[in-house]
Amino acid sequence: MHEQSLDAASSHELEEIPQSVDQCLVEHNGSYYQVRQAELAGDVHFPPVQNGLDYLVSVAEHLEGGSEPSARAMKYAVLHLAAGAEVLLKARLQMVHWSLVFANPGDATREALETGTLTSCSPDETRKRLTSMAGIKFSQREKDALSDLAKRRNALQHYGLVGENAKAGKVESTTAQVLNFLISFVGEHILERIRMKRNGTTRRSTWSGSAEESVRSRAM
């Protein structure tokens, strides 16, 4: 099965001013400023890759600062990181073929995909399909970290964390593992593929520079 690009990572880029994948240039009084697209007023339109990256930026924003993050900040970091992981892995799977994100690809329709009414495959199934259909392998440590994060997300979302699972150290450890994995995954398996598909350009994706540095520095 031939892989195909799902959507562009950013709108357009100027040679003189490298832009991060989630930023655009805004003119004000004759000067141009880089602004995150999600911060601008308008329709709530988040294509899969942009949506996943926005979740990662949100995680970094909740973890930024020199002091220990608050319990509330950690809660939303976990929720948004789990959502970002699911969205980004499925975005990569969708680059193989759009029907593969359906729980049952044989029942896939474009209408269900475009309206968001589909029943999608589980996170575990997403990883299995990425390995079998796109040749992307996950280490056991990565599988365990992603699975642990999903369990914590479900607990937080429906019941709240209690006991050992609520220990800040354990939550932070899992969050750091998954965040580092996703930053590498995005650069190697998503944005690199988009870059190679864009008119044969050899220009390096700006995510591996400014955006990645920003997310990593905020999360430290």
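Predicted model, so just to flag it, every value in this text is computed and none were measured. Positions within a chain are numbered from 1, following the residues in the order the chain's sequence is written. Totals for whole chains, interfaces and linings use every residue, but because this is a predicted model, local features are given only for residues with pLDDT of at least 70 and side-chain atom pairs only at 80 or more, for both listing and counting. The basis for the side-chain values is all heavy atoms of the structure; hydrogens and waters are excluded.

1. Thoughts on helix α4 (residues 123–134)
Put simply, DSSP marks the helices as runs of H or I at least four residues long and the strands as runs of E at least two long, and each gets a number from the N terminus on. Expected span, for any helix, means 1.5 Å times one less than how many residues it has. Over its 12 residues, α4 extends 16 Å from the first C-alpha to the last, a length consistent with the 16 Å expected when each residue adds 1.5 Å. Throughout, exposure labels follow a simple rule: accessible area from a 1.4 Å probe, protein chains only, divided by the maximum for the residue type, with under 20% read as buried, over 50% as exposed, and the rest as partly exposed. Every buried residue belonging to α4 is among Thr 126, Arg 127, Arg 129 and Leu 130, and all of these are buried. Relative to the axis of α4, the buried residues are bounded by an arc of 165 degrees and lie together on one face. Away from its buried face, by an angle of more than 90 degrees, α4 presents the exposed residues Lys 128 and Ser 132. Our arc is simply the arc of the directions from the helix axis toward the C-beta atoms.

2. A few points about the packing of aromatic side chains
Pairing of aromatic rings covers Phe, Tyr and Trp, the last through its six-membered ring, and needs centres within 6.5 Å; plane angles under 30 degrees mean stacked, over 60 mean edge-to-face, and all others mean tilted. Taken as a whole, this structure holds four aromatic pairs when the rule is applied. Arranged with centres 6.4 Å apart and planes meeting at 20 degrees, the rings of Phe 138 and Phe 185 form a pair that is stacked. Of this pair, Phe 138 sits in the loop between α4 and α5 (140–158) while Phe 185 sits in helix α6 (residues 168–197), and the two are 47 residues apart along the sequence. Under the relative-accessibility criterion, Phe 138 is labelled buried at 9%. Overall, Phe 185 belongs to the buried group, its relative accessible area being 2%. Look at Phe 181 and Phe 185: their rings are 5.6 Å apart centre to centre, the planes differ by 40 degrees, and that puts the pair in the tilted class. With a gap of four residues between them, Phe 181 and Phe 185 both fall in helix α6, about one helical turn apart. An aromatic cluster is built from Phe 138, Phe 181 and Phe 185, whose rings are joined through pairwise contacts.

3. What about the packing of α5 against α6?
Working note: a packed helix pair is described by the angle between its axes plus the distance between those axes. The N-to-C vectors of α5 and α6 enclose an angle of 125 degrees; their axes lie 9 Å apart at closest approach. When the interaxial angle is binned, α5 and α6 end up oblique. As α5 packs across α6, the resulting crossing turns out to be left-handed. Packed against α5, whose contacting residues are Arg 141, Glu 142, Ala 145, Leu 146, Asp 148, Leu 149 and Arg 152, the element α6 presents Lys 170, Val 171, Thr 174, Gln 177, Val 178 and Phe 181 at the interface. Any residue outside Ala, Val, Leu, Ile, Met, Phe, Trp, Tyr, Cys, Pro, Asp, Glu, Lys and Arg is labelled polar, Gly included; the first ten of those are nonpolar and the last four are charged. Along the lines of polarity and charge, the residues of the contact of α5 with α6 split into six nonpolar, two polar and five charged. Think of each axis as a best-fit line through the C-alpha atoms, taken over the contacting stretch in the case of a helix, with angles from 0 to 180 degrees between the N-to-C directions. The scheme is simple: roughly parallel for angles under 35 degrees, roughly antiparallel for over 145, roughly perpendicular for 65 to 115, oblique for anything else. Each crossing gets its handedness from the near helix: less than a right angle anticlockwise from the far helix is left-handed, clockwise is right-handed. The contact rule is simple, with two residues in contact once any of their heavy atoms fall within 4.5 Å.

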